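Here is how the chains run, residue by residue.
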Amino acid sequence: RPNEIYAPTRVTLIASQRPVCALSGLKGGILAAIGILSDPDVNTVLSHMDQVLAAWTQKSDPAASAERMAATLNEIYRYLGQRKSQHSTTPARTPVIDWNVITARYQAQPCIWDKQHKRLWCPQHVFGHVPPFMASRRGVIREEDAAVRSGMELLGCSDSPGWNDLCSFLEDLREKARVGRL
């Protein structure tokens, strides 16, 4: 049934969670007219992100490339940033989403893709800029796209480290020194 299938433009947001229309080249208006869905809910997108992250971490998807990972996660970050922005301007039309719960769920989970180093970082360890002494143990990602940046911030990234981040960094160093892996 068309009302259970998503538009092909949403494949990077939901492919592991919901069926996607295999017909490409159809205009959005035609898809909407026959009932094809185009706006996935936040929980479906987050479940898909969990699957993507698990596939990368376990290397269970041999087709998973760094470029594909970057493209997929950027689309998810953009969706989250746009959704949060829309939610704040039209609260009556959207279901209640507790963005703090989402931040708490992901801030300590590696889910922020570093294109330069082709690795995942925990959002709480990713900043727009860091002091040079922190650079080897913290991610520095300067995202130009405002929606992508907003989605990354929703997951727990910050523009710059605060006192708690510095304390966490020092704790990490202490732990690495204790086990002899500095």
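Anything mentioned here points back to the structure above.
Quick summary incoming for the structure in this document.

## Some remarks on the overall build of the protein
A tally of regular secondary structure across the protein gives 7 helices and 4 strands. Counting over 182 residues, the protein shows a buried share of 36%.

## A closer look at the nonpolar core
Of all hydrophobic cores here, the largest spans 34 residues; its most connected members are Met49, Leu73, Ile102, Ile112, Trp113 and Leu155. For this core, the secondary structure elements donating two or more residues are helix 1 (11-14), helix 3 (42-58), helix 4 (66-89), helix 5 (99-106), strand 1 (112-114), strand 2 (119-121) and helix 6 (146-155). With 8 residues, the top contributor of residues to this core is helix 4. With residues up to four places along the chain from it excluded, the contact list for methionine 49 reads Leu73, Ile76, Tyr106, Cys111 and Leu155.

## Overview of the pattern of salt bridges
All chains considered together, the criterion is met by 8 salt bridges. Residues aspartate 172 and arginine 138 are paired through a salt bridge, measuring 2.7 Å at the closest nitrogen-oxygen approach. You can see aspartate 172 sitting in helix 7 (residues 163-178) and its partner arginine 138 sitting in the loop between strand 3 (126-127) and strand 4 (139-140), a full 34 residues away along the chain. Assessed through its relative accessible area of 26%, aspartate 172 is described here as partly exposed. For the salt bridge of arginine 174 with glutamate 171, the shortest nitrogen-to-oxygen distance reads 3.0 Å. On the criterion of helical spacing, the pair formed by arginine 174 and glutamate 171 is a turn pair, its members being 3 residues apart in helix 7. Residues joined in a network through salt bridges with shared partners are Glu75, Arg78 and Asp145.

About the cut-offs
Residues numbered from 1 in each chain as written. Predicted model: local features only at pLDDT ≥ 70, side-chain atom pairs only at ≥ 80, totals over all residues. Heavy atoms only, no water. Helix = DSSP H or I, 4+ residues; strand = E, 2+ residues; numbered from the N terminus. Buried < 20%, exposed > 50% of the residue type's maximum accessible area, 1.4 Å probe, protein only. Core = buried A, V, L, I, M, F, W, Y, C linked by side-chain atoms within 4.5 Å. Contact = heavy atoms within 4.5 Å. Salt bridge = Lys/Arg side-chain N within 4 Å of Asp/Glu carboxyl O.

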